[in-house]
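Structure assessment
Each chain, letter by letter, is given below.
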Amino acid sequence: QLQLVESGGGLVQPGGSLRLSCAASGFTLDYYNIGWFRQAPGKEREGVSCISGSGNTINYADSAKGRFTISRDNAKGTVYLQMNSLKPEDTAIYYCAADKAIRKLCDYGLEYVGGYFGSWGQGTQVTVSS
């Protein structure tokens, strides 16, 4: 019953913007940490950003810092990733993932926590190309 669905991906030129959405169903979103991860062909999965259930804890990968913004609207059951100043290196499938907030996964480095998120969406493709 627990489900996450990503949307908002697409093809953009370098320097462009996209807003990804992660819609939750089957659970109350405010009790869950949400992480955004991405995986490009030939690369390892990379943590992009994480937001705690309350929204009080947020972190970003160095590659995303200053360009991406994570936010959540628990009433709507949706977490967003606003991506600005996109680069070709951002091309990847982007996934959102959820875990119970009491585990506080967003308190840890993104490189460590991906395997601990219990629920994952199907991914949305982001392609940045000129």
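Located above this text is the structure these notes cover.
Here the structure is a predicted model, which means the values were calculated and not measured.

**Let's talk about the packing of aromatic side chains**
Applying the stated rule across the entire model yields 4 aromatic pairs. Measuring from ring centre to ring centre gives 5.4 Å for Phe-37 and Phe-117, while their planes differ by 70°; the resulting arrangement is edge-to-face. Of this pair, Phe-37 sits in strand S4 (residues 32-39) while Phe-117 sits in the loop between helix H1 (110-113) and strand S10 (119-120), placing them 80 residues apart in sequence. Each member of the pair, Phe-37 together with Phe-117, is buried.

**Here's the deal with the sheet that holds strand S3 (residues 18-25)**
As a general point, the strands of a sheet are linked pairwise by backbone hydrogen bonds and lie either parallel or antiparallel. Spatially, 4 strands are ordered S1-S3-S8-S7 in an open sheet, and the strand pairing comes out antiparallel. This sheet does not close on itself; its edge strands, each paired only once, are strand S1 (3-7) and strand S7 (68-73). Pairs of neighbouring strands in the sheet enclose a mean axial angle of 15°, with direction left out of account. Two strands pair when backbone bridges link them, and S3 and strand S8 (residues 78-83) are joined in this way by 6 bridges, in the antiparallel orientation. Bridging across to S8, Cys-22 finds its partner in Val-79.

**A closer look at the environment of Leu-2**
Mapping Leu-2 onto the fold places it in the segment before S1. On a C-alpha basis, the gap between Leu-2 and Thr-69 in space is 25 Å, while along the polypeptide they are 67 residues apart. Among residues more than four places away in sequence, those in contact with Leu-2 are Ser-25, Gly-26, Phe-27 and Ser-119.

**Side note on the pairing of S7**
Looking along a regular strand, one sees side chains alternate from face to face of the sheet. By the alternation rule, side chains of S7 split into Phe-68, Ile-70 and Arg-72, which are all buried, and Thr-69, Ser-71 and Asp-73, of which none is buried. Relative to S8, S7 runs antiparallel, the two being bridged by 6 bridges. Looking across to S8, one finds that Phe-68 is bridged to Met-83. Between S7 and the antiparallel strand that follows it, S8, lie 4 residues; Gly-77 among them carries a positive phi value of about 65°.

**Here's the deal with the state of the cysteines**
Evaluation of the coordinates by the stated rule reveals 2 disulfides. Covalently, Cys-22 is tied to Cys-96 through a disulfide, its sulfur atoms 2.0 Å apart. Looking along the S-S bond of the Cys-22-Cys-96 disulfide, the torsion reads about 75°, which is the right-handed sense. Of the two residues, Cys-22 is situated in strand S3 and Cys-96 in strand S9 (residues 92-100); the sequence distance between them amounts to 74 residues. The pair Cys-22 / Cys-96 is uniform in exposure class, with both members buried. Once the bonded cysteines of the chain are numbered in order along the sequence, the disulfide links fall as 1-3, 2-4.

**Section: the side chain of Arg-38**
Assignment of secondary structure puts Arg-38 in strand S4. In this structure the side chain of Arg-38 is engaged in a polar contact, spanning 3.3 Å, whose partner is the side chain of Ser-63. A polar contact is formed between the side chain of Arg-38 and the side chain of Asp-90, at a distance of 2.8 Å. Look past the residues within four positions of Arg-38 in its chain and what remains in contact with it is Glu-44, Arg-45, Glu-46, Val-48, Ser-63, Phe-68, Glu-89, Asp-90, Ala-92, Ile-93 and Tyr-94.

About the cut-offs
- Each chain has its residues counted from 1, following the order in which its sequence is written.
- Per-residue local features of the predicted model are confined to residues with pLDDT of at least 70, and side-chain atom pairs are confined, for both listing and counting, to 80 or more; whole-chain, interface and lining totals are unaffected and use all residues.
- As a convention, hydrogens and water are excluded, and side-chain values are obtained from all of the structure's heavy atoms.
- Two aromatic rings, drawn from Phe, Tyr or Trp (for Trp, its six-membered ring), form a pair once their centres lie within 6.5 Å of each other, and the interplanar angle then sorts them: stacked below 30 degrees, edge-to-face above 60, tilted otherwise.
- Under the DSSP-based scheme used, a helix requires at least four consecutive residues in state H or I and a strand at least two consecutive residues in state E, with every element numbered from the N terminus.
- Exposure classes here rest on a 1.4 Å probe applied to the protein chains alone. A residue is buried below 20% of its type maximum, exposed above 50%, and partly exposed in between.
- What makes two strands pair is DSSP finding at least two bridges between them.
- In this description, a line fitted to the C-alpha atoms serves as the axis of each element, helices being fitted only across the stretch in contact, and the angle between N-to-C directions of two axes falls anywhere from 0 to 180 degrees.
- Contact definition: two residues touch when any of their heavy atoms are within 4.5 Å.
- Note on terminology: pairs of cysteine sulfur atoms within 2.5 Å are recorded as disulfides.
- Polar contacts here mean pairs of N or O atoms no more than 3.5 Å apart (in protein, one a potential hydrogen donor and the other a potential acceptor; neighbouring residues in sequence count only if both atoms are side-chain atoms).

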